[in-house]
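Here are the chains, one letter per residue:
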Amino acid sequence: MKPGGIRCKNIIFAALLSSKLLLVTGCSDGADSAEHQGTALCTAGDVPLNETPPAPMAVCIVPPTPISSAIEAGSAQQFSAADRRRAELLDPSRITVVTCGTGSPFPSERAQSCLAVFVNGKFLLFDAGDRAQNSMEDLGLPVTDIENVFLTHFHSDHIADLGEVISRTWILGRDHSLTVYGGPGVEQIVSAFNVVYAADEAYRIAHHGKDIFPATLSAAAVPIEDAGPEGRVVYEADGVRVLAFSVDHSPVGVALGYRVEYGGRVVAISGDTIDTAGLRALSANADVLVAEVMNKSFVEETECAFERLAESRLEKIFRDIRTYHIDVTELAQLASDAEVDTLVMVHLVPTTSNPAQLDLAFRQPVSAIFNGELIIPEDGAEFVIPVQ
(Lines give C-alpha, C1' and ligand atoms only; values in the text may rest on other atoms or scores of the structure.)
Protein backbone atom coordinates (compact mmCIF):
# COMPACT_ATOMS: atom_id res chain seq x y z
CA MET A 1 0.00 0.00 0.00
CA LYS A 2 1.33 3.46 -0.87
CA PRO A 3 2.32 5.73 2.07
CA GLY A 4 -0.33 8.20 3.02
CA GLY A 5 -2.95 6.08 1.27
CA ILE A 6 -6.46 5.07 2.17
CA ARG A 7 -7.82 5.45 5.72
CA CYS A 8 -9.89 2.83 7.47
CA LYS A 9 -12.19 2.84 10.47
CA ASN A 10 -13.42 -0.30 12.16
CA ILE A 11 -16.91 -0.83 13.52
CA ILE A 12 -18.66 -3.79 15.02
CA PHE A 13 -21.62 -4.22 12.70
CA ALA A 14 -23.88 -7.11 13.61
CA ALA A 15 -24.31 -10.52 15.19
CA LEU A 16 -25.07 -13.38 12.84
CA LEU A 17 -26.68 -16.25 14.77
CA SER A 18 -24.35 -16.62 17.79
CA SER A 19 -21.25 -15.17 16.04
CA LYS A 20 -20.34 -11.53 15.63
CA LEU A 21 -19.49 -10.29 12.18
CA LEU A 22 -16.83 -7.58 12.13
CA LEU A 23 -17.01 -5.15 9.25
CA VAL A 24 -14.74 -2.26 8.47
CA THR A 25 -16.57 0.62 6.90
CA GLY A 26 -13.66 2.75 5.81
CA CYS A 27 -9.87 2.32 5.44
CA SER A 28 -6.78 3.36 7.44
CA ASP A 29 -3.08 3.21 6.76
CA GLY A 30 -2.91 -0.06 8.67
CA ALA A 31 -5.73 -1.81 6.78
CA ASP A 32 -5.29 -4.62 4.32
CA SER A 33 -5.55 -3.61 0.69
CA ALA A 34 -5.04 -5.11 -2.74
CA GLU A 35 -4.20 -3.80 -6.18
CA HIS A 36 -7.14 -4.42 -8.50
CA GLN A 37 -6.58 -3.49 -12.14
CA GLY A 38 -4.32 -0.64 -11.08
CA THR A 39 -6.77 0.71 -8.47
CA ALA A 40 -6.05 0.59 -4.74
CA LEU A 41 -8.65 -1.66 -3.16
CA CYS A 42 -9.38 -1.34 0.56
CA THR A 43 -10.90 -4.54 1.94
CA ALA A 44 -13.60 -3.76 4.51
CA GLY A 45 -13.96 -7.16 6.11
CA ASP A 46 -15.88 -8.98 3.40
CA VAL A 47 -16.72 -5.67 1.69
CA PRO A 48 -14.11 -4.41 -0.81
CA LEU A 49 -13.96 -0.62 -1.15
CA ASN A 50 -12.14 1.44 -3.76
CA GLU A 51 -10.81 4.86 -2.91
CA THR A 52 -13.70 7.31 -2.74
CA PRO A 53 -13.55 9.69 -5.70
CA PRO A 54 -13.45 13.43 -4.95
CA ALA A 55 -16.77 15.25 -5.31
CA PRO A 56 -16.33 18.71 -6.86
CA MET A 57 -18.93 21.23 -5.79
CA ALA A 58 -21.51 22.33 -8.31
CA VAL A 59 -21.14 25.79 -9.82
CA CYS A 60 -24.26 27.59 -8.59
CA ILE A 61 -24.88 30.74 -10.60
CA VAL A 62 -26.83 33.86 -9.63
CA PRO A 63 -29.56 34.26 -10.59
CA PRO A 64 -30.30 30.51 -10.58
CA THR A 65 -31.34 28.69 -13.71
CA PRO A 66 -35.05 27.92 -14.27
CA ILE A 67 -34.37 24.22 -13.59
CA SER A 68 -32.64 24.97 -10.30
CA SER A 69 -35.39 27.38 -9.27
CA ALA A 70 -38.10 24.84 -10.03
CA ILE A 71 -36.28 22.18 -8.00
CA GLU A 72 -35.87 24.63 -5.12
CA ALA A 73 -39.55 25.61 -5.09
CA GLY A 74 -40.81 22.04 -5.41
CA SER A 75 -38.48 20.76 -2.71
CA ALA A 76 -39.40 23.57 -0.32
CA GLN A 77 -43.06 22.72 -0.79
CA GLN A 78 -42.41 19.02 -0.15
CA PHE A 79 -40.31 19.75 2.95
CA SER A 80 -43.01 22.00 4.36
CA ALA A 81 -45.74 19.43 3.73
CA ALA A 82 -43.61 16.70 5.33
CA ASP A 83 -43.04 18.87 8.42
CA ARG A 84 -46.77 19.51 8.79
CA ARG A 85 -47.57 15.84 8.30
CA ARG A 86 -44.99 14.81 10.88
CA ALA A 87 -46.25 17.31 13.45
CA GLU A 88 -49.81 16.11 12.93
CA LEU A 89 -48.96 12.43 13.34
CA LEU A 90 -46.70 12.93 16.35
CA ASP A 91 -49.19 15.18 18.15
CA PRO A 92 -49.20 13.89 21.77
CA SER A 93 -52.86 14.85 22.26
CA ARG A 94 -54.02 11.94 20.14
CA ILE A 95 -53.20 8.43 18.95
CA THR A 96 -53.20 7.95 15.18
CA VAL A 97 -53.38 4.49 13.65
CA VAL A 98 -52.47 4.09 9.96
CA THR A 99 -53.03 0.89 8.00
CA CYS A 100 -49.85 0.86 5.91
CA GLY A 101 -50.45 -2.74 4.82
CA THR A 102 -53.82 -4.52 4.86
CA GLY A 103 -53.06 -7.45 2.55
CA SER A 104 -52.69 -11.17 3.11
CA PRO A 105 -50.25 -13.66 1.53
CA PHE A 106 -52.48 -13.76 -1.55
CA PRO A 107 -51.46 -11.40 -4.39
CA SER A 108 -53.35 -8.10 -4.45
CA GLU A 109 -52.84 -4.37 -4.84
CA ARG A 110 -52.53 -4.12 -1.06
CA ALA A 111 -49.21 -4.09 0.78
CA GLN A 112 -48.81 -6.96 3.20
CA SER A 113 -49.12 -6.65 6.97
CA CYS A 114 -48.05 -3.25 8.26
CA LEU A 115 -49.60 -1.08 10.96
CA ALA A 116 -48.26 2.29 12.09
CA VAL A 117 -49.24 3.60 15.52
CA PHE A 118 -48.33 7.18 16.45
CA VAL A 119 -48.59 7.76 20.18
CA ASN A 120 -47.17 10.57 22.35
CA GLY A 121 -44.60 11.56 19.74
CA LYS A 122 -43.51 7.99 19.02
CA PHE A 123 -43.80 5.98 15.80
CA LEU A 124 -44.39 2.31 16.64
CA LEU A 125 -44.47 -0.10 13.71
CA PHE A 126 -46.21 -3.47 13.86
CA ASP A 127 -45.07 -5.98 11.21
CA ALA A 128 -43.43 -5.21 7.88
CA GLY A 129 -44.69 -7.45 5.10
CA ASP A 130 -43.94 -7.08 1.41
CA ARG A 131 -44.10 -3.45 0.17
CA ALA A 132 -44.53 -2.06 3.69
CA GLN A 133 -41.71 0.46 3.36
CA ASN A 134 -42.90 1.73 -0.03
CA SER A 135 -46.40 2.06 1.37
CA MET A 136 -45.22 4.13 4.33
CA GLU A 137 -43.23 6.44 2.08
CA ASP A 138 -46.12 6.80 -0.37
CA LEU A 139 -48.36 7.75 2.56
CA GLY A 140 -45.92 10.42 3.70
CA LEU A 141 -45.26 8.79 7.07
CA PRO A 142 -42.17 10.11 8.90
CA VAL A 143 -40.27 6.83 8.62
CA THR A 144 -37.02 8.23 10.04
CA ASP A 145 -38.84 8.54 13.38
CA ILE A 146 -39.37 4.78 13.69
CA GLU A 147 -37.51 3.53 16.75
CA ASN A 148 -39.31 0.30 17.54
CA VAL A 149 -40.72 -2.47 15.36
CA PHE A 150 -42.93 -5.19 16.85
CA LEU A 151 -43.29 -8.46 14.94
CA THR A 152 -46.29 -10.70 15.55
CA HIS A 153 -44.62 -13.78 14.03
CA PHE A 154 -42.22 -14.75 11.27
CA HIS A 155 -44.40 -15.70 8.30
CA SER A 156 -43.00 -13.95 5.24
CA ASP A 157 -46.03 -11.71 4.76
CA HIS A 158 -45.23 -10.14 8.14
CA ILE A 159 -41.44 -9.71 7.82
CA ALA A 160 -40.56 -9.64 4.11
CA ASP A 161 -39.85 -5.89 4.08
CA LEU A 162 -38.14 -5.65 7.46
CA GLY A 163 -34.76 -5.29 5.76
CA GLU A 164 -36.04 -2.37 3.70
CA VAL A 165 -37.45 -0.74 6.84
CA ILE A 166 -34.06 -1.05 8.50
CA SER A 167 -32.15 0.15 5.42
CA ARG A 168 -34.43 2.85 3.97
CA THR A 169 -35.06 4.62 7.25
CA TRP A 170 -31.29 4.90 7.67
CA ILE A 171 -30.70 6.06 4.09
CA LEU A 172 -33.43 8.69 4.47
CA GLY A 173 -31.86 10.07 7.64
CA ARG A 174 -32.59 7.93 10.69
CA ASP A 175 -29.93 8.96 13.20
CA HIS A 176 -30.87 6.68 16.10
CA SER A 177 -30.88 2.97 16.75
CA LEU A 178 -33.72 0.73 15.64
CA THR A 179 -35.03 -2.03 17.90
CA VAL A 180 -37.05 -5.02 16.66
CA TYR A 181 -39.18 -6.99 19.12
CA GLY A 182 -40.46 -10.49 18.43
CA GLY A 183 -40.65 -14.04 19.66
CA PRO A 184 -37.62 -16.31 20.12
CA GLY A 185 -35.68 -16.41 16.85
CA VAL A 186 -36.02 -12.68 16.21
CA GLU A 187 -32.28 -12.33 16.83
CA GLN A 188 -31.41 -14.55 13.87
CA ILE A 189 -33.85 -12.78 11.57
CA VAL A 190 -32.67 -9.28 12.46
CA SER A 191 -29.02 -10.30 12.35
CA ALA A 192 -29.47 -11.86 8.92
CA PHE A 193 -31.04 -8.68 7.54
CA ASN A 194 -28.18 -6.69 9.09
CA VAL A 195 -25.68 -8.86 7.24
CA VAL A 196 -27.58 -8.59 3.95
CA TYR A 197 -27.29 -4.79 4.09
CA ALA A 198 -23.74 -4.70 5.51
CA ALA A 199 -22.09 -3.97 2.17
CA ASP A 200 -24.62 -1.24 1.40
CA GLU A 201 -23.82 0.44 4.73
CA ALA A 202 -20.08 0.23 4.08
CA TYR A 203 -20.43 1.74 0.58
CA ARG A 204 -22.55 4.67 1.72
CA ILE A 205 -20.42 5.59 4.73
CA ALA A 206 -17.25 5.36 2.65
CA HIS A 207 -18.81 7.55 -0.06
CA HIS A 208 -20.62 10.19 2.00
CA GLY A 209 -18.89 10.04 5.40
CA LYS A 210 -20.12 9.58 8.94
CA ASP A 211 -21.24 13.18 9.18
CA ILE A 212 -23.99 12.28 6.70
CA PHE A 213 -24.58 8.76 8.11
CA PRO A 214 -23.83 9.16 11.84
CA ALA A 215 -25.80 6.15 13.08
CA THR A 216 -25.33 2.51 12.26
CA LEU A 217 -27.77 0.95 9.81
CA SER A 218 -28.05 -2.28 11.76
CA ALA A 219 -30.99 -2.99 14.06
CA ALA A 220 -30.99 -4.64 17.48
CA ALA A 221 -33.30 -7.51 18.40
CA VAL A 222 -35.23 -8.00 21.63
CA PRO A 223 -36.71 -11.50 22.05
CA ILE A 224 -40.03 -11.71 23.88
CA GLU A 225 -40.08 -14.78 26.10
CA ASP A 226 -43.20 -16.23 27.71
CA ALA A 227 -45.65 -13.43 27.04
CA GLY A 228 -48.51 -15.70 28.13
CA PRO A 229 -52.22 -15.24 27.43
CA GLU A 230 -52.42 -12.71 30.27
CA GLY A 231 -49.78 -10.54 28.56
CA ARG A 232 -46.76 -8.68 29.82
CA VAL A 233 -45.20 -5.27 29.26
CA VAL A 234 -42.40 -5.41 26.69
CA TYR A 235 -41.97 -1.66 26.08
CA GLU A 236 -42.65 1.35 28.30
CA ALA A 237 -41.59 4.98 27.84
CA ASP A 238 -43.15 8.40 28.48
CA GLY A 239 -46.49 6.98 29.51
CA VAL A 240 -46.71 4.63 26.52
CA ARG A 241 -46.95 0.91 27.23
CA VAL A 242 -46.85 -1.98 24.78
CA LEU A 243 -47.93 -5.36 26.08
CA ALA A 244 -47.36 -8.62 24.22
CA PHE A 245 -49.82 -11.52 24.48
CA SER A 246 -49.44 -15.13 23.40
CA VAL A 247 -51.93 -16.06 20.69
CA ASP A 248 -52.31 -19.27 18.68
CA HIS A 249 -51.18 -19.55 15.06
CA SER A 250 -50.01 -23.17 15.30
CA PRO A 251 -47.86 -24.68 13.99
CA VAL A 252 -46.11 -21.31 14.48
CA GLY A 253 -44.29 -21.87 17.76
CA VAL A 254 -44.65 -18.35 19.13
CA ALA A 255 -47.27 -15.95 17.81
CA LEU A 256 -47.94 -12.62 19.48
CA GLY A 257 -50.62 -9.99 19.62
CA TYR A 258 -50.02 -6.53 21.07
CA ARG A 259 -51.86 -3.93 23.11
CA VAL A 260 -50.77 -0.27 23.07
CA GLU A 261 -51.89 1.80 26.05
CA TYR A 262 -51.59 5.54 26.54
CA GLY A 263 -53.66 8.13 28.35
CA GLY A 264 -56.42 5.66 29.12
CA ARG A 265 -56.75 4.70 25.43
CA VAL A 266 -56.08 1.30 23.88
CA VAL A 267 -55.08 0.08 20.42
CA ALA A 268 -55.12 -3.72 20.11
CA ILE A 269 -53.40 -5.70 17.34
CA SER A 270 -54.39 -9.34 16.94
CA GLY A 271 -51.59 -10.74 14.82
CA ASP A 272 -52.55 -13.99 13.08
CA THR A 273 -54.47 -16.25 15.42
CA ILE A 274 -57.55 -18.28 16.20
CA ASP A 275 -59.90 -17.32 19.03
CA THR A 276 -57.76 -17.65 22.17
CA ALA A 277 -57.58 -16.35 25.74
CA GLY A 278 -54.67 -14.13 24.74
CA LEU A 279 -56.63 -12.51 21.92
CA ARG A 280 -59.58 -11.89 24.23
CA ALA A 281 -57.33 -10.39 26.90
CA LEU A 282 -55.54 -8.00 24.56
CA SER A 283 -58.86 -6.92 23.00
CA ALA A 284 -60.66 -6.08 26.24
CA ASN A 285 -62.27 -2.61 26.10
CA ALA A 286 -60.05 -1.55 23.20
CA ASP A 287 -60.82 1.73 21.49
CA VAL A 288 -59.59 0.15 18.26
CA LEU A 289 -58.99 -3.54 17.57
CA VAL A 290 -57.05 -4.21 14.37
CA ALA A 291 -57.65 -7.87 13.60
CA GLU A 292 -57.00 -10.36 10.86
CA VAL A 293 -59.99 -12.33 9.66
CA MET A 294 -61.02 -15.21 7.41
CA ASN A 295 -64.36 -16.21 5.95
CA LYS A 296 -63.96 -19.93 6.50
CA SER A 297 -67.10 -20.81 4.59
CA PHE A 298 -65.59 -19.23 1.47
CA VAL A 299 -62.30 -21.06 2.06
CA GLU A 300 -64.16 -24.36 2.34
CA GLU A 301 -65.90 -23.65 -0.96
CA THR A 302 -62.50 -22.94 -2.51
CA GLU A 303 -61.12 -26.21 -1.20
CA CYS A 304 -64.04 -28.09 -2.75
CA ALA A 305 -63.50 -26.35 -6.08
CA PHE A 306 -59.84 -27.40 -6.14
CA GLU A 307 -60.81 -30.96 -5.21
CA ARG A 308 -63.05 -31.14 -8.28
CA LEU A 309 -60.23 -29.74 -10.39
CA ALA A 310 -57.85 -32.40 -9.00
CA GLU A 311 -55.56 -29.62 -7.76
CA SER A 312 -54.51 -31.59 -4.70
CA ARG A 313 -51.79 -29.17 -3.58
CA LEU A 314 -54.12 -26.17 -3.51
CA GLU A 315 -56.88 -28.29 -2.01
CA LYS A 316 -54.57 -29.23 0.89
CA ILE A 317 -53.38 -25.65 1.43
CA PHE A 318 -56.91 -24.25 1.62
CA ARG A 319 -57.90 -27.03 4.02
CA ASP A 320 -54.91 -26.33 6.26
CA ILE A 321 -55.19 -22.54 6.48
CA ARG A 322 -58.61 -22.76 8.13
CA THR A 323 -56.94 -24.17 11.27
CA TYR A 324 -54.95 -21.09 12.25
CA HIS A 325 -57.07 -18.05 11.42
CA ILE A 326 -60.16 -16.62 13.08
CA ASP A 327 -63.51 -16.78 11.29
CA VAL A 328 -65.68 -13.72 10.67
CA THR A 329 -68.38 -14.84 13.09
CA GLU A 330 -65.84 -15.77 15.77
CA LEU A 331 -64.17 -12.37 15.48
CA ALA A 332 -67.51 -10.58 15.60
CA GLN A 333 -68.50 -12.40 18.79
CA LEU A 334 -65.08 -11.80 20.38
CA ALA A 335 -65.20 -8.07 19.60
CA SER A 336 -68.71 -7.88 21.00
CA ASP A 337 -67.75 -9.75 24.16
CA ALA A 338 -64.65 -7.57 24.62
CA GLU A 339 -66.72 -4.39 24.22
CA VAL A 340 -64.46 -3.08 21.47
CA ASP A 341 -65.45 0.36 20.18
CA THR A 342 -64.07 0.08 16.64
CA LEU A 343 -63.19 -3.14 14.82
CA VAL A 344 -60.75 -2.75 11.91
CA MET A 345 -60.46 -5.89 9.79
CA VAL A 346 -57.28 -6.51 7.78
CA HIS A 347 -55.39 -9.47 6.28
CA LEU A 348 -58.66 -10.54 4.69
CA VAL A 349 -59.10 -14.03 3.30
CA PRO A 350 -60.52 -14.01 0.68
CA THR A 351 -58.45 -11.02 -0.37
CA THR A 352 -60.63 -8.57 -2.26
CA SER A 353 -61.36 -4.87 -2.66
CA ASN A 354 -64.66 -5.41 -4.46
CA PRO A 355 -67.36 -3.65 -2.36
CA ALA A 356 -70.03 -6.27 -3.04
CA GLN A 357 -67.68 -9.12 -2.12
CA LEU A 358 -66.49 -7.32 1.00
CA ASP A 359 -70.07 -6.77 2.05
CA LEU A 360 -71.10 -10.38 1.46
CA ALA A 361 -68.02 -12.09 2.92
CA PHE A 362 -67.24 -9.79 5.83
CA ARG A 363 -69.48 -6.83 6.58
CA GLN A 364 -72.81 -8.66 6.70
CA PRO A 365 -71.78 -11.59 8.92
CA VAL A 366 -69.87 -9.36 11.34
CA SER A 367 -72.55 -6.65 11.55
CA ALA A 368 -75.13 -9.29 12.46
CA ILE A 369 -73.24 -9.87 15.74
CA PHE A 370 -71.03 -6.84 16.46
CA ASN A 371 -72.76 -3.52 17.14
CA GLY A 372 -69.70 -1.28 17.31
CA GLU A 373 -68.10 0.62 14.44
CA LEU A 374 -66.85 -1.73 11.73
CA ILE A 375 -64.19 -0.68 9.21
CA ILE A 376 -62.68 -2.66 6.34
CA PRO A 377 -59.86 -0.33 5.28
CA GLU A 378 -57.69 0.04 2.24
CA ASP A 379 -53.99 0.79 2.67
CA GLY A 380 -53.56 4.30 4.07
CA ALA A 381 -56.68 4.51 6.21
CA GLU A 382 -56.22 6.58 9.38
CA PHE A 383 -58.00 6.36 12.72
CA VAL A 384 -57.60 9.10 15.31
CA ILE A 385 -58.20 8.49 19.02
CA PRO A 386 -58.23 11.68 21.14
CA VAL A 387 -56.28 11.41 24.38
CA GLN A 388 -57.75 13.22 27.37
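Look a little higher up for the structure.
Visitor: Tell me what's going on with the overall build of the chain, and back it up with residues and numbers.
Guide: Each helix and strand counted, the chain has 11 helices and 19 strands in total. Here the chain holds 388 residues, and the buried ones make up 48% of them. In the chain, the proportion of contacts linking residues at least 24 apart, taken out of those at least 6 apart, comes to 63%. As presented, the chain carries roughly 18,500 Å² of accessible surface, and 53% of it is formed by carbon and sulfur atoms.

Visitor: Describe the state of the cysteines, and please don't skip the residues or the numbers.
Guide: Each disulfide consists of one covalent bond between the sulfur atoms belonging to two cysteines. As enumerated under the stated definition, the model contains one disulfide in all. Here Cys 100 pairs with Cys 114 through a disulfide, and the sulfurs are 2.0 Å apart. A torsion of -90 degrees about the S-S bond marks the disulfide between Cys 100 and Cys 114 as left-handed. With Cys 100 in strand E6 (residues 94–101) and Cys 114 in strand E7 (residues 114–119), the pair connects residues that are 14 residues apart, well separated along the chain.

Visitor: For the sheet that holds strand E14 (residues 255–262), give the residues involved together with the corresponding values.
Guide: Pairing is mixed across the open sheet formed by seven strands, whose spatial order is E12-E13-E14-E15-E16-E17-E18. Each end of this open sheet is capped by a strand with a single partner; those strands are strand E12 (232–237) and strand E18 (373–375). In this sheet, neighbouring strand axes are inclined to one another by 20 degrees on average, regardless of whether the strands run parallel or antiparallel. Where strand E15 (residues 265–269) meets strand E16 (residues 288–294), three bridges bridge the pair, whose relative direction is parallel. Of the residues in E16, the one forming a bridge with Ile 269 is Val 290. Running at roughly 160 degrees to E16, helix H10 (residues 328–337) makes contact with E16 and strand E17 (342–349) of the sheet. On the sheet, helix H11 (residues 355–367) packs against E16, E17 and E18 and is oriented at approximately 145 degrees with respect to E17.

The rules we used
Residues numbered from 1 in each chain as written. Predicted model: local features only at pLDDT ≥ 70, side-chain atom pairs only at ≥ 80, totals over all residues. Heavy atoms only, no water. Helix = DSSP H or I, 4+ residues; strand = E, 2+ residues; numbered from the N terminus. Buried < 20%, exposed > 50% of the residue type's maximum accessible area, 1.4 Å probe, protein only. Contact = heavy atoms within 4.5 Å. Areas by Shrake-Rupley, 256 points an atom, 1.4 Å probe, with all protein chains shown as cover. Disulfide = S-S within 2.5 Å. Pairing = 2+ DSSP bridges. Axes fitted to C-alpha atoms, helices over the stretch in contact; angles between N-to-C directions.

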